[in-house]
Amino acid sequence: MNWDDTTPEASERLVEAAADGEDQAIEAALRPKDLEEFVGQERVREQLDLVLRAARQRGATADHVLLSGAPGLGKTTLSMIIAAEMGAPIRITSGPAIQHAGDLAAILSSLTEGEVLFLDEIHRMSRPAEEMLYMAMEDFRVDVIVGKGPGATAIPLELPPFTLVGATTRAGLLPPPLRDRFGFTGHMEFYEPAELERVIHRSARLLDVEIEPEGAAEIAGRSRGTPRIANRLLRRVRDYAQVKADGVVTREISAAALGVYEVDARGLDRLDRAVLGALLKLFGGGPVGLSTLSVAVGEERETVEEVAEPFLVREGLLARTPRGRVATPAAWAHLGLVPPQQGGGGAGQQGLFGA
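Residues numbered from 1 in each chain as written. Predicted model: local features only at pLDDT ≥ 70, side-chain atom pairs only at ≥ 80, totals over all residues. Heavy atoms only, no water.

(A) Region of the structure containing the sheet that holds strand β7 (residues 184–187). Taken in spatial order, the five strands of this open sheet run β2-β3-β6-β1-β7, and their pairing is parallel. Edge strands, defined here as strands with exactly one partner in the open sheet, are β2 (90–94) and β7. For this sheet, the mean inter-axis angle between neighbouring strands, taken without regard to orientation, is 15°. The pairing of strand β1 (residues 65–68) with β7 spans four bridges and is parallel. When the sheet's bridge partners are listed, L66 is paired in β7 with T185. (Pairing = 2+ DSSP bridges. Helix = DSSP H or I, 4+ residues; strand = E, 2+ residues; numbered from the N terminus. Axes fitted to C-alpha atoms, helices over the stretch in contact; angles between N-to-C directions.)

Structure (structure tokens):
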């Protein structure tokens, strides 16, 4: 339960890492409350524990914290734990919600001493607000501009010490002056299956679901290294076990349930397999251009590029090359297909177009 920008099509996928309304409601009940209870991310937990303990011993506000990593890995959860460990309230907002410097000034001026401000997707904040944040983080002060034109006046506003926790899925988009003002930076890694099994067992206890170790292992193996997806799959398997069986989640029940939802043993869903299937069967494994591939699967270019491809590349099933998308030997094996003999022209020439 470590959780955390997707297209409308992506939000309907069972293996999508972004959270919808149902996920957010369930996550509130499943989130761990302290670092001891938090599963996985051992290095980040250990480093963060030192930062927070030292701040408490000094009686000071904790340093600003930047958490980066893919959606669903626990950035929001860790921000809440930071507030709990420091005994401070937390204010939650997001970069897209702060479009003007005045929006940020209103939030900062209402913070209390020691309060934690969680700023999700911080890389999407507007530039004027970003520049105001520099001074607020470093000097705990902002300049509020009153009036317009030549008569405008900057009024300095002192802020109480606070801790900013920024979260981003794209750390490379943060400007260096902002990134350098964080006292601690933690990168969230994808989870190993064994860690996801611990997540699933804990969630099953909280949801009052009877689950066998083999059932948890089956779900973990299909969860794409992401706790949020693991919890979502667990809920769907629970439903299947309740309706189709005696309510106990076994390996067989997990496999059957996720087969109904078209999530295969490696975590690929319908869209993933459609992309791979078109690449292999229609274009001989590539190279093929992204636009051509998108038309072949009946999806928008952005959906294929931003929703399906990242996981396929991470799993070593697909490669991006200057000539287009290319399937790897693992992709042929996963779909049970035999790659064509090398040396022929064939459909691979499609990769010269539509990239």
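(B) Region of the structure containing the packing of helix α4 (residues 101–109) against helix α5 (residues 127–139). In contact at an axis separation of 7 Å, α4 and α5 are set at 35° when each is read in the N-to-C sense. Counting all contacts with α4, which are made through A101, L104, A105 and L108, the residues of α5 involved are P128, A129, M132, L133 and A136. In terms of residue class, the contact of α4 with α5 is built from nine nonpolar, no polar and no charged. (Contact = heavy atoms within 4.5 Å. Nonpolar A, V, L, I, M, F, W, Y, C, P; charged D, E, K, R; others polar.)

(C) Highlighting the packing of aromatic side chains. In the structure shown here, the tally under the stated rule is one aromatic pair. With a centroid separation of 5.5 Å and 80° between ring planes, the pair formed by F140 and F162 is classed as edge-to-face. Residue F140 is located in the loop between α5 and β4 (141–146), and its partner F162 is located in the loop between β5 (153–158) and β6 (163–168); the two are separated by 22 residues in the primary sequence. Above the ring of F190, the side-chain terminus of R314 is found at 3.6 Å from the ring centroid. (Phe/Tyr/Trp six-rings, centres within 6.5 Å; stacked < 30°, edge-to-face > 60°. Lys NZ or Arg CZ within 6 Å of the ring centre and 35° of its normal.)

(D) Layout of the nonpolar core. The biggest cluster of nonpolar side chains holds 41 residues, and the ones touching the most others in it are L48, L78, I200, I211 and I219. Residue contributions to this core peak at six residues, all from helix α9 (residues 227–244). For L78, the contacting residues outside a window of four places in its chain are L35, F38, V44, L48, L67 and M188. Core analysis: the second largest hydrophobic core is formed by 24 residues, L119, L133, L178 and F182 among them. (Core = buried A, V, L, I, M, F, W, Y, C linked by side-chain atoms within 4.5 Å. Buried < 20%, exposed > 50% of the residue type's maximum accessible area, 1.4 Å probe, protein only.)

(E) α4, seen in detail. The complete set of buried residues in α4 reads L104, A105, I107 and L108. Seen from one end, α4 has its buried residues packed into an arc of 165°, which puts them on one side. (Arc of directions from axis to C-beta.)

(F) The arrangement of the side chain of R222 in detail. Secondary-structure assignment places R222 in the loop between α8 (213–221) and α9. R222 sits in the buried class, given a relative accessible area of 7%. Side chain to side chain, R222 and E218 meet in a polar contact 2.6 Å long. Among the polar contacts made by the side chain of R222, one reaches the main-chain carbonyl oxygen of V263 at a distance of 2.7 Å. Once you skip the residues sitting within four places of it in the chain, R222 turns out to touch L233, A255, L258, G259, V263, D264, A265 and G267. (Polar contact = N/O pair within 3.5 Å; in protein donor to acceptor, adjacent residues only side chain to side chain.)

(G) Region of interest: the pattern of salt bridges. Enumeration over the complete set of coordinates arrives at 17 salt bridges. In this structure, the salt-bridge partner of R181 is E138, at a minimum N-O distance of 3.2 Å. Within this pair, whereas R181 is found in the loop between α6 (176–179) and β7, its partner E138 is found in helix α5, the two being separated by 43 residues in sequence. Given a relative accessible area of 25%, R181 falls into the partly exposed group. (Salt bridge = Lys/Arg side-chain N within 4 Å of Asp/Glu carboxyl O.)

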